[in-house]
Amino acid sequence: MSDNRPVGVFDSGVGGLTLLRELDSFMPYEDYIYLADTARMPYGTRTEDEIVAYSEQLIHFLEKQDCKMIVIACNTVSGLLPQIEKDIKSTVPVVGIINYGCVAAALYVTYNFRIGVWATQRTVDSQVYRKFMDNFDPTVKILTESCTDLIPLIEKGKVGSPEMRRLTDKCIQPMRNEDIDTIILGCTHLPFIKTIIQDILTPAVTIIDPAKRTAVLCNKTLMDKGISRKKHSAPGTKKFYVTGDPDAFLKTSKLLIGDMATRVESVDVGQ
Ligand code: DGL
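Since this is a predicted model, take the numbers as computed values, not measurements.

(A) Structural context of the site of the ligand. Around the ligand lies a shell of 13 residues, among which Ser12, Tyr43, Gly44, Thr76 and His189 are the nearest. One of the backbone N or O atoms of Gly44 is found 2.8 Å from an oxygen atom in the ligand. Between the ligand and the protein, one listed contact pairs an oxygen atom with a side-chain N or O atom of Thr76 at 2.5 Å. Of the residues assigned to the shell around the ligand, the class counts are 5 nonpolar, 7 polar and 1 charged.

As structure tokens, this is what we get:
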């Protein structure tokens, strides 16, 4: 049996492409639909109610595209998954980027049990990573810092600019003083500036990108439900939709991730 329906992936903007990249390298035979709510981003400064309402519209859109699974490629949304699931009874599995895999990976590599989580203000406020860690070890210190100020610059693709370096340095400063030896990139935009982060924090700090663990979890979910596409099928296709300006998205995605997207369509999800 081969289930040829696409996997739906969404984020507020280009950040989720870092997860799509991992999904595609782990399961290249699957088809993907990527949806970005660029008209209403950034999500990190929005209220919980707004994020829940917007996400429900995005999930419904992807369900209508006949997606067999929906992947939340946004930490800010993923932290609110229990609230979202209470409201919508999705007919397909929904997997979030915040899951036990990345928390376990951080716990596995830390020696001093001081782990940083760099995320949007909304994710920081939700304390969702703290709650996940409590299930493993409540004595581990989770030090959080907001990366909200960096998002607009990454969204414009200006990841190599001196301004990006300066701002990253400034935003990460408080984390530097916390003596962490491990940091979780708790926002999907951040892997695009991973080398800058590593350079500033020095190689002494291990960086955990939840995307790889989430790709493994997605694979397991598809296998468990019996809805994978046959492994040796031809390479899958990708479709890209945005609620805002398609040309702006295409331009940034080219700067950040090369030719992954060649065509982007604008859609109305009810916003
Ligand atoms: N990329 C999103 C995340 O992982 C947030 C970006 C935004 O603030 O819209 O949380």
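Back to the text.
(B) Inspection of the sheet that holds strand β2 (residues 32-36) at higher detail. If you walk across this open sheet you meet the 6 strands as β4-β3-β1-β2-β9-β10, and the pairing is parallel. The outermost strands of the open sheet, each flanked by one partner alone, are β4 (94-96) and β10 (264-266). Neighbour to neighbour, the strand axes of the sheet diverge by 25° on average, direction disregarded. As paired strands, strand β1 (residues 7-11) and β2 are joined by 5 bridges and run parallel to one another. Looking at the pairing, Gly8 lines up with Ile33 of β2. Strand contacts of helix α11 (residues 210-225): β1, β3 (69-72) and β4, with the helix running at about 160° to β4, the strand carrying the most contacts. Contacts between helix α12 (residues 246-257) and the sheet are confined to β2, β9 (238-242) and β10, with β10 contributing the most and set at about 155° to the helix.

(C) Inspection of the packing of aromatic side chains at higher detail. Going through the model one piece at a time under the given rule, you end up with 6 aromatic pairs. Between Tyr100 and Phe136, the ring centres sit 5.7 Å apart and the planes meet at 80°, which makes this aromatic pair edge-to-face. Remark: Phe136 occurs in the loop between α7 (128-134) and β6 (141-146) and Tyr100 occurs in helix α5 (residues 100-109); sequence separation between them is 36 residues. With a relative accessible area of 42%, Tyr100 lands in the partly exposed category. Through a chain of ring-to-ring contacts, three or more aromatic side chains come together here, namely Tyr34, Phe240 and Phe249. Positioned above the aromatic ring of Tyr54, the side-chain terminus of Arg40 is 3.9 Å from the ring centre.

(D) Highlighting the sheet that holds strand β5 (residues 114-119). Read from one edge of the open sheet, 4 strands run β6-β5-β7-β8, paired in parallel fashion. Of all the strands in the sheet, just β6 and β8 (206-208) have a single pairing partner and so form its edges. Neighbour-to-neighbour, the strand axes of the sheet open up by a mean angle of 25°, direction not taken into account. In this structure, strand β7 (residues 182-185) lies alongside β8, joined through 3 bridges in parallel fashion. Across the sheet, residue Ile183 finds its bridge partner in β8, namely Ile207.

(E) Examining α12 more closely. Taking 1.5 Å per residue, 12 residues should reach 16 Å; α12 reaches 16 Å between its end C-alpha atoms and fits that length. Looking at α12, one finds that the buried residues are Pro246, Phe249, Leu250, Thr252, Ser253, Leu256 and Ile257. Elements in contact with the buried residues of α12: α1 (17-26), β2, α8 (151-155), β9 and β10. Where α12 begins, one side-chain oxygen reaches toward the backbone nitrogen of Asp247, 3.0 Å away; that side chain belongs to Asp245. Backbone geometry just after α12 places Gly258 at a positive phi near 75°.

How each quantity is defined
Residues numbered from 1 in each chain as written. Predicted model: local features only at pLDDT ≥ 70, side-chain atom pairs only at ≥ 80, totals over all residues. Heavy atoms only, no water. Near = heavy atom within 4 Å. Polar contact = N/O pair within 3.5 Å; in protein donor to acceptor, adjacent residues only side chain to side chain. Nonpolar A, V, L, I, M, F, W, Y, C, P; charged D, E, K, R; others polar. Pairing = 2+ DSSP bridges. Helix = DSSP H or I, 4+ residues; strand = E, 2+ residues; numbered from the N terminus. Axes fitted to C-alpha atoms, helices over the stretch in contact; angles between N-to-C directions. Contact = heavy atoms within 4.5 Å. Phe/Tyr/Trp six-rings, centres within 6.5 Å; stacked < 30°, edge-to-face > 60°. Buried < 20%, exposed > 50% of the residue type's maximum accessible area, 1.4 Å probe, protein only. Lys NZ or Arg CZ within 6 Å of the ring centre and 35° of its normal. Expected span 1.5 Å × (residues − 1).

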